[in-house]
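Survey of secondary and tertiary structure
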Amino acid sequence: MTRQHTAVFGWVLAVLVAALFCTLGGWQLQRKHEKEALLAQLPPGRDAALSLAQAAATPDSLHWVRDQLQFLPGSVLLDNQLREGRAGIKVYQAARAADGAVVLVDLGWLPLPADRSMPTISAEQGTQALQGLWAPAPATGIALGPALTAGKQPQTWLATRMDLPAIATQLGAGALAPKVLRLDPALPLGYVRDLDLLPNTLPPSRHLGYAVQWFAMALAVLVIALVLQFKRRRKVEGEP
């Protein structure tokens with residue numbers, strides 16, 4: 001490989017790496033804007049509760065939902081969920097409204113022991129009067145590996161990320177609503193829970209900080225490539 005070919009290869013590699021870093025920085029900025037938009041919304045009042053169908057008609061807004069929902073078989077255990085410094089899982093179960101709409105219901109959080117043995121889950125059954133916050137599902141993050149693996153209990157799956165299409169396919173419940181129902185902590189079912197809009201996730205300021213870091217790394221790669229190109233040219237010009 002000639003020096004010219006080596007220089008071209010080096011620049012192509014540098015540009016590709018810088019483009020990757022810029023893509024990651026752009027993704028962090030997108031997450032920042034999404035969370036700022038979510039936090040800017042006024043918390044809905046319980047006295048203005050909507051049915052699940054009404055909430056689904058305006059999916060981009062926060063709503064307080066009150067409806068009669070029929071729980072469907074199958075539980076999804078979302079892994080790596082922290083609460084007060086303890087590791088655990090969040091339990092989700094699908095429920096169907098009278099009009100056929102299906103939503104994933106957040107039943108709350110359970111701790112995991114040191115050996116990470118999964119707790120026994122008692123699935124909710126029948127039709128119940130439910131209320132809670134119609135809110136975004138936990139962010140999927142970067143997809144690595146399968147989203148779901150079968151649990152030891154029948155009709156139980158362990159999820160590494162909240163992939164709603166994959167969950168819908170596994171549960172056989174049809175299409176899931178684009179948001180989840182954060183069940184009212186006052187209801188006497190499920191597990192310990194709250195209505196925190198950004199649980200187990202970074203605040204907007206942290207996303208901005210990471211975006212700046214990725215863009216700075218992209219710039220650093222290009223500066224290093226320029227410096228190496230300059231040194232290589234001076235070396236060639238100095239040769240007899």
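Preceding this section is the structure that the text describes.
Residues numbered from 1 in each chain as written. Predicted model: local features only at pLDDT ≥ 70, side-chain atom pairs only at ≥ 80, totals over all residues. Heavy atoms only, no water.

**Regarding the side chain of Gln93**
Here is the rule we go by: The helix count covers DSSP runs of H or I at least four residues long, the strand count covers runs of E at least two residues long, and both are numbered beginning at the N terminus. Remark: exposure states derive from per-residue accessible area (1.4 Å probe, protein chains only) relative to the maximum for the residue type, with buried under 20%, exposed over 50%, and partly exposed in between.
Structurally, Gln93 can be placed in strand E2 (residues 86-96). According to the relative accessible area criterion, Gln93 is buried, its value standing at 1%.

**Remarks on the pairing of strand E7 (residues 176-183)**
What counts is decided by this rule: Pairing between strands requires that DSSP locate at least two bridges from one strand to the other.
Within E7, seven of the eight residues are buried, which leaves the element mostly enclosed by the surrounding structure. Across four bridges, strand E4 (residues 127-135) lies against E7 in antiparallel orientation. Bridging across to E7, Trp134 finds its partner in Leu181.

**A closer look at the pairing of strand E3 (residues 102-111)**
By the criterion of burial, E3 is predominantly enclosed, with nine of the 10 residues buried. Relative to E3, E2 runs antiparallel, the two being bridged by nine bridges. The residue bridging Ala94 from the neighbouring strand is Leu104, located in E3. Linking E2 to E3, which pair antiparallel, is a turn of five residues; within it Gly100 sits at a positive phi near 100°. Pairing geometry for E3 and E7, over four bridges, is parallel. Bridging from a neighbouring strand, Leu104 pairs with Val180 of E7.

Function cannot be read off these values alone, since they describe shape.
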